[in-house]
Amino acid sequence: YILALDMGSSSLKCAVISHQGKVLAIAQTPMRYFQPPGLSDLTLEFRADEVWDNTCQLIKQCLEKAGVVGRRISVVGTTSQRGGMVILNRNGKAIYAGPNDDIRGIFEGMEIDESHGDQLYCLTGHLPSFMFAPARLNWFKNNNNKVFSECSTVLPICDWLVFQLTGSIKGERSALVELGLMPLSDKTSKDRIPNLLGLDPAVIPEAAFSGITAGSL
């Protein structure tokens with residue numbers, strides 16, 4: 001059986017599917033966000049521990065509904081809202097978790113576009129930059145140096161779920177492109193964007209293509 005996890009903008013969902021493509025069970029719960037105290041209306045976060053607890057509960061509910069025991073799950077796949085991201089410290093703890101609606105980096109993004117907009121558009125196919133990870137990282141650099149200095153890895157939400165499941169730190173390539181962290185062309189160095197923007201290339205995880213085995217439970 002296949003187990004699918006989807007953290008969308010409005011809800012967190014889990015499904016159990018047969019290898020013939022039949023959906024056997026679905027469970028979901030609403031996503032909850034909060035505005036960090038003392039910050040502007042542009043900021044929005046979610047509590048990573050809460051989302052992970054909910055994920056575990058949904059998996060349990062889904063398996064029970066489908067009448068499938070955990071050992072019969074052969075594949076787990078994850079997906080998530082485009083532009084959402086999680087920052088991990090060196091111990092693998094989430095020190096920031098934000099949805100795609102967190103636009104705290106709007107002014108930092110405008111500065112990036114003024115200086116490098118044409119180059120970034122050629123590299124990623126995306127603008128404006130305030131929607132993407134580099135602008136948020138620059139916001140932390142300017143406003144919350146503790147998070148910025150402790151940042152070890154930036155993960156798309158779908159890959160954070162993989163990390164929680166397996167302990168493996170990898171970034172699905174298209175998800176990294178959608179975060180503005182990696183160029184579209186696989187012939188362009190993955191360090192090109194962080195070097196252009198003065199960010200540490202080490203925070204970008206190893207890129208992996210969809211469908212590879214990222215780890216085991």
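Explain helix H3 (residues 133-143) to me, please; I cannot follow it from the model alone.
Burial within H3 is extensive, with eight of its eleven residues counted as buried. Buried residues along H3 sit in contact with strand S5 (85-88), strand S6 (94-98), helix H2 (106-124), helix H4 (145-150), strand S7 (153-156) and helix H7 (192-197).

Honestly, unusual backbone geometry in this entry has me stumped. Any pointers?
It is generally the case that most residues other than glycine have a negative phi and that most peptide bonds are trans. Here the residue pair leucine 127 and proline 128 is connected by a cis peptide bond, since its omega of 0 degrees sits within 30 degrees of zero. Among the secondary structure elements, proline 128 is positioned in the loop between H2 and H3.

What am I meant to see in the packing of aromatic side chains here?
Each aromatic ring pair is characterised by the separation of its centres together with the angle its planes make. Within the structure shown, the criterion is met by two aromatic pairs. Relative to phenylalanine 140, the ring of tryptophan 139 has its centre 5.1 Å away and its plane inclined at 85 degrees; by these criteria the two rings are edge-to-face. Taking relative accessible area as the criterion, phenylalanine 140 reaches 2% and is therefore assigned buried. Aromatic ring contacts, followed pair by pair, group Tyr96, Trp139 and Phe140 into a single cluster. Over the ring of phenylalanine 34 we find arginine 47; its NZ or CZ atom is 4.0 Å from the centre of that ring. Cation over ring: arginine 104 sits above tryptophan 139, and NZ or CZ is 4.7 Å from the ring centre.

Where do I start with the side chain of arginine 173 in this structure?
Here arginine 173 lies in helix H6 (residues 173-178). Side-chain polar atoms of arginine 173 contact the backbone oxygen of proline 183, separated by 3.1 Å.

Is there a simple way to think about the sheet that holds S5 in this case?
Strand pairs in the sheet, formed through backbone hydrogen bonds, run parallel or antiparallel to each other. One open sheet holds the three strands; their spatial order is S6-S5-S7, and the pairing between them is antiparallel. Two strands close off the open sheet at either side, each with one partner strand: S6 and S7. Each adjacent strand pair in this sheet contributes to an overall mean axis angle of 20 degrees, direction not counted. The sheet contact formed by S5 and S6 spans four bridges and is antiparallel. In the strand pairing of S6, valine 86 is matched with alanine 97. Across the face of the sheet, helix H5 (residues 157-166) comes into contact with S5, S6 and S7 while running at roughly 105 degrees to S7.

Whenever I open this one, the side chain of arginine 104 confuses me. Can you help?
Looking at where arginine 104 falls in the secondary structure, it is placed in the loop between S6 and H2. Residue arginine 104 is classed as buried on the basis of its relative accessible area, which comes to 3%. If sequence neighbours within four positions are ignored, arginine 104 has contacts with Pro36, Leu39, Leu42, Thr43, Leu44, Glu45, Tyr96, Arg136, Trp139 and Phe140.

About the cut-offs
Residues numbered from 1 in each chain as written. Predicted model: local features only at pLDDT ≥ 70, side-chain atom pairs only at ≥ 80, totals over all residues. Heavy atoms only, no water. Buried < 20%, exposed > 50% of the residue type's maximum accessible area, 1.4 Å probe, protein only. Helix = DSSP H or I, 4+ residues; strand = E, 2+ residues; numbered from the N terminus. Contact = heavy atoms within 4.5 Å. Phe/Tyr/Trp six-rings, centres within 6.5 Å; stacked < 30°, edge-to-face > 60°. Lys NZ or Arg CZ within 6 Å of the ring centre and 35° of its normal. Polar contact = N/O pair within 3.5 Å; in protein donor to acceptor, adjacent residues only side chain to side chain. Pairing = 2+ DSSP bridges. Axes fitted to C-alpha atoms, helices over the stretch in contact; angles between N-to-C directions.

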